[in-house]
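Listed below are the residues making up each chain.
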There are 2 protein chains.
Amino acid sequence: MKPSIFDVAKRSGLSVVTVSRVLNGSGNVREKNRLKVQQAMKELGYRPNSAAQSLAKGKTGVVGLLLSTLQDSVFDAIVKSVHDELAGHGYFLALSVSPSCREPGSSFLMEKDRVDGMIILSPTWEDELIPELERKGIPYSIIDNQNPAYDLSAVQVGHYSGGYAAGKHLVELGHESIGHLSGPGNYKSTIDRQNGFLKALAENGLEPVFIEEGTYSMDTGYDAAKRWLAEGRLPEALFCGDDYIAVGVLNALQEAGRSIPGDLSLVGYDDQNLATLLHPKLTTVAQPVQQIARCAVDGLLAQMEGREAPPPIVLKPELVVRESTAPPHSYLKENTP
Amino acid sequence: MKPSIFDVAKRSGLSVVTVSRVLNGSGNVREKNRLKVQQAMKELGYRPNSAAQSLAKGKTGVVGLLLSTLQDSVFDAIVKSVHDELAGHGYFLALSVSPSCREPGSSFLMEKDRVDGMIILSPTWEDELIPELERKGIPYSIIDNQNPAYDLSAVQVGHYSGGYAAGKHLVELGHESIGHLSGPGNYKSTIDRQNGFLKALAENGLEPVFIEEGTYSMDTGYDAAKRWLAEGRLPEALFCGDDYIAVGVLNALQEAGRSIPGDLSLVGYDDQNLATLLHPKLTTVAQPVQQIARCAVDGLLAQMEGREAPPPIVLKPELVVRESTAPPHSYLKENTP
DNA sequence: CTGTTAGCGCCTTCAT
DNA sequence: ATGAAGGCGCTAACAG
């Protein structure tokens, strides 16, 4: 049988309350006794029962992370970062992966006694989710909120800046025929990226030669590029709504024996690895994953612990331009400390 | 205040015990009363407090998954599958990501009262981990065990078969100059893959033109391929220890203006997406992620619930040969139901 | 500073 | 088939 607080009390010759006190570092314990207790705990290999703790103090020490998929390298990186950040604060991470709210187990985790708080990653149905959390009184923090109404408890990604950086980069390369192949227009992030991009061109008296809308998928990029090639209207430069689209374009070009850059200057978005990994000269707008995780966790913990929440932040993605001479792997190396 | 079992009892005019009974489906409740109780629960929006449940019955309903990284598409896929599998059985997934046992929080989760069981994914320090789990009496199941001693509670991936399939494929393409660029030789999986590969060649009276050992990284592939090119000894075909290595080779070849296949037939390993995504003609040995997750969870639950554990299984990876005419994205499409 | 007394919400005997 | 009593391990509110 695992030793309980009672065993520790008996062995140290003190009461359970005192043991509880040293356990929670709530002061008011004579140094000598604290040592006695700690000694007893060590000898017994005592570890407090978390269920009992949860029950007694109404907290679980668990934070839930809700996301729609794990097949996304930005998400993966965020999960990892959130995990580390939470661990640093003594919290556990519980995961809930569900593409829609109909999914079994989607709100399974969202019980006040299951988690102390939740982090919502790029929600697709936040309008149903958030009210439910509010109703249940579960603190939450959203990463990359879709609905502007939820700005306050969200960590926002500066998609406008990202799009702007992408556009500026292409302009500075001297291109004048620049296209944009975006994701679905019903996402706020899509629109933001696009607007930033347009702004950058406009500042230089340019307009995109076209804007096409698709889904965030390789298909979109592949099909579009195929079409452009067939119609002989490949632009000089292209800003893709995300890296999967860029990969699709890349595949189509490779199939046609074209190269990047040369036939096309391409800028992806989102992923630090995927896009640059594919082609040494592929530029991408990388999201600041660690910062995102850090802000989300900090904001959430503040709420949970009743501290004053930090003000909402907009984090800016960073344009990662690969040196044409550097081998592809060096980028990754730099980013894997 | 969240309604407690007591509120439900009062509202349904029955005792808490009866409510508890319908909650746990432990029979012995008059159908009429069961309905009453369920009605009351619905009206109150009652959800049992999990901490209290855990405390009372000594179970948490949580399964921990321990892995070394999330920057790995096979792992990601497994996490997702494990998550779904667990959810289907009413369990939660808690994640612990730590590259080493020294990491803070590595064994943080591994407390009997935190989790009912643990799944260990491709352990790198299982010799320290497993004894600890044994000592604590926590049921576990290992995916892709490293130490053969732990076969019994493990789901094994048939790396031998995988390597064999890779070798056979290259032989059947008619190659006679086949190389192998492996991962670290201190991994069981590395050796297994290599042995399977050698077997396939041997069956056809062939031997690899070389076997080189590296790490599971793009660097390994990149550096090696660079070297081969410089020395003018690029083989006709190459089996890479994993997809990252393959990607590295690919990058080096692309930089040198070479193509695949043609200059080289390349087989990667592990990932269903990464490698094939990179090149339409890149063949890969894909691990059966869903099966792996299913077996791991089934085996674990069997232990946890005292049922007879299913016999150890060796799951075979599958050779995925891409049609040279099919666009890269179609493969992904097929695998995204 | 320390111990006593009550629960936290639920489940498990054991009577009825 | 149902309910009363006790306890899971710990902590918070009072006493001393």
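Residues numbered from 1 in each chain as written. Chains lettered and ligands numbered in written order. Predicted model: local features only at pLDDT ≥ 70, side-chain atom pairs only at ≥ 80, totals over all residues. Heavy atoms only, no water.

Per an unreviewed UniProt entry, chain A goes by LacI family transcriptional regulator and derives from Paenibacillus albicereus.

So, about the sheet that holds strand β2 (residues 92-97) of chain A. Read from one edge of the open sheet, 12 strands run β11(A)-β5(A)-β4(A)-β3(A)-β1(A)-β2(A)-β2(B)-β1(B)-β3(B)-β4(B)-β5(B)-β11(B), paired in mixed fashion. With one partner strand each, in any of the chains shown, β11 (313-315) of chain A together with β11 (313-315) of chain B form the two edges of the open sheet. Direction aside, the axes of adjacent strands within the sheet are offset by 25° on average. Here 3 bridges tie strand β5 (residues 154-157) of chain A to β11 of chain A, and the two strands are oriented parallel to one another. Bridge pairing in β11 of chain A places Val-155 of chain A opposite Ile-313 of chain A. Its contacts with the sheet put helix α6 (residues 126-136) of chain B on β1 (62-67), β3 (117-121) and β4 (140-143) of chain B, and the angle it makes with β4 of chain B is roughly 160°. (Pairing = 2+ DSSP bridges. Helix = DSSP H or I, 4+ residues; strand = E, 2+ residues; numbered from the N terminus. Axes fitted to C-alpha atoms, helices over the stretch in contact; angles between N-to-C directions. Contact = heavy atoms within 4.5 Å.)

Another aspect to go through is the protein's contact with DNA strand C. The immediate surroundings of DNA strand C are formed by 24 residues, with Val-17, Arg-21 and Asn-33 of chain A together with Ile-5 and Tyr-46 of chain B found nearest. A share of 64% of the atoms of DNA strand C within 4 Å of the protein falls on sugar and phosphate groups. Between DNA strand C and Ala-56 of chain A, the relevant distance is 3.5 Å, taken from a base oxygen to a main-chain nitrogen or oxygen of the residue. No other element matches the 4 residues that helix α2 (residues 16-24) of chain B contributes to the surface near DNA strand C. Of the residues that constitute the surface near DNA strand C, the class distribution is 13 nonpolar, 9 polar and 2 charged. (Near = heavy atom within 4 Å. Polar contact = N/O pair within 3.5 Å; in protein donor to acceptor, adjacent residues only side chain to side chain. Nonpolar A, V, L, I, M, F, W, Y, C, P; charged D, E, K, R; others polar.)

Within the secondary structure, Gln-287 of chain A sits in the loop between β10 (283-286) and α12 (289-304). In terms of polar contacts, Gln-287 of chain A uses its side chain to reach the side chain of Asp-270 of chain A, at 2.2 Å.

On to the pairing of strand β5 (residues 154-157) of chain B, then. All names here are of chain B. Burial of β5 is two-sided: the residues Ala-154 and Gln-156 facing one way and the residues Val-155 and Val-157 facing the other way are all buried. Bridge count between β4 and β5: 2 bridges; the pairing is parallel. Of the residues in β5, the one forming a bridge with Ile-142 is Ala-154. (Buried < 20%, exposed > 50% of the residue type's maximum accessible area, 1.4 Å probe, protein only.)

Around DNA strand D, the surrounding shell holds 24 residues, and the nearest of these are Ile-5 and Tyr-46 of chain A together with Arg-21, Arg-30 and Asn-33 of chain B. Restricting the count to atoms of DNA strand D within 4 Å of the protein gives a sugar and phosphate share of 67%. At 2.2 Å, a side-chain N or O of Tyr-46 of chain A approaches a phosphate oxygen of DNA strand D. Per element, the largest residue contribution to the surface near DNA strand D is 4 residues, and it comes from helix α2 (residues 16-24) of chain A.

A separate point is the packing of helix α9 (residues 218-231) of chain A against helix α10 (residues 243-255) of chain A. All names here are of chain A. At their nearest, the axes of α9 and α10 sit 6 Å apart, and the two run at 40° to each other. In terms of orientation, α9 and α10 fall into the oblique class. Relative to α10, the crossing made by α9 is right-handed. Taken together, the residues of α10 that come into contact with α9 (itself represented by Met-218, Thr-220, Gly-221, Tyr-222, Ala-225, Lys-226 and Leu-229) are Tyr-244, Ile-245, Val-247, Gly-248, Val-249, Asn-251, Ala-252, Leu-253 and Glu-255. Across the contact of α9 with α10, the residue classes break down as 10 nonpolar, 4 polar and 2 charged. (Parallel < 35°, antiparallel > 145°, perpendicular 65-115°, else oblique. Left-handed = near helix turned anticlockwise from the far one by under 90°.)

Now for the UniProt feature "domain: HTH lacI-type" (unreviewed entry) in chain A. Those places that UniProt annotates as "domain: HTH lacI-type" (unreviewed entry) correspond, in this numbering, to residues 3-57 of chain A. Regarding residues 3-57 of chain A, the helix share stands at 71% and the strand share at 0%, and the terminal C-alpha atoms are separated by 20 Å. (UniProt positions renumbered as here; feature names shortened; annotations may be inferred.)

Attention shifts here to the interface of chain A and chain B. With 50 residues of chain A at the interface, the matching set in chain B holds 49 residues. Inspection of the region where chain A meets chain B yields 2 salt bridges. Across the salt bridge formed by Lys-2 of chain B and Asp-113 of chain A, the nearest N and O atoms sit 2.6 Å from each other. Summed over the shared surface of chain A and chain B, the result is 8 residue pairs in polar contact (both at pLDDT 80 or more). Sorting the residues of the side of chain A that touches chain B by element identifies α4 (50-57), α5 (73-88), β2, α9, α10, α11 (274-278) and α13 (328-334) of chain A as the ones contributing at least two each. Split into classes, the residues belonging to the side of chain A that touches chain B amount to 26 nonpolar, 11 polar and 13 charged. Bridge analysis of β2 of chain A against strand β2 (residues 92-97) of chain B gives 3 bridges, and the strand direction is antiparallel. Across the sheet, residue Leu-95 of chain A finds its bridge partner in β2 of chain B, namely Leu-93 of chain B. (Salt bridge = Lys/Arg side-chain N within 4 Å of Asp/Glu carboxyl O.)

A few words now on the confidence of the model for chain A. All names here are of chain A. Residues with a pLDDT of 70 or more make up 90% of chain A, whose mean pLDDT is 85. Looking at the elements of chain A, mean pLDDT is at its lowest for α13, recorded as 29, and at its highest for strand β6 (residues 178-182), recorded as 97. For the stretch residues 324-337, pLDDT sits under 50, and the model shows 25 contacts to residues farther than four places along the chain or on other chains. (pLDDT = per-residue confidence, 0-100.)

Residues and elements named next belong to chain B. The end-to-end C-alpha distance of helix α3 (residues 31-44), which contains 14 residues, comes to 20 Å, matching closely the 20 Å that a straight helix rising 1.5 Å per residue would cover. Where α3 is concerned, the buried positions are Asn-33, Arg-34, Val-37, Ala-40 and Met-41. Looking down the long axis of α3, one finds its buried residues gathered within 125° of arc, a one-sided arrangement. Those residues of α3 that are exposed and aimed more than 90 degrees away from the buried face are Lys-32 and Lys-42. Contacts from the buried residues of α3 go to α1 (5-12) and α2. Positive phi appears at Gly-45, one or two residues downstream of α3, with a value of about 65°. (Expected span 1.5 Å × (residues − 1). Arc of directions from axis to C-beta.)

Residue and element names in this part refer to chain A. Position of Gln-38 among the secondary structure elements: in helix α3 (residues 31-44). Given the relative accessible area of 35%, Gln-38 is considered partly exposed. In this structure, the C-alpha to C-alpha distance between Gln-38 and Ser-12, residues 26 residues apart in sequence, is 8.6 Å.

A word on the relation of the copies chain A and chain B. Superposing chain A onto chain B requires a rotation of 180° together with a translation of 0.1 Å along the rotation axis, leaving an RMSD of 0.1 Å. Expressed as an axis order, the relation between the two copies is that of a two-fold axis. Judged by C-alpha distance, Ala-94 of chain A is the residue of chain A that lies nearest the rotation axis, at 2.2 Å. Both copies present the same face, since 96% of the interface residues in chain A are matched by interface residues at the equivalent positions in chain B. (Least-squares fit on C-alpha atoms with pLDDT ≥ 70 in both.)

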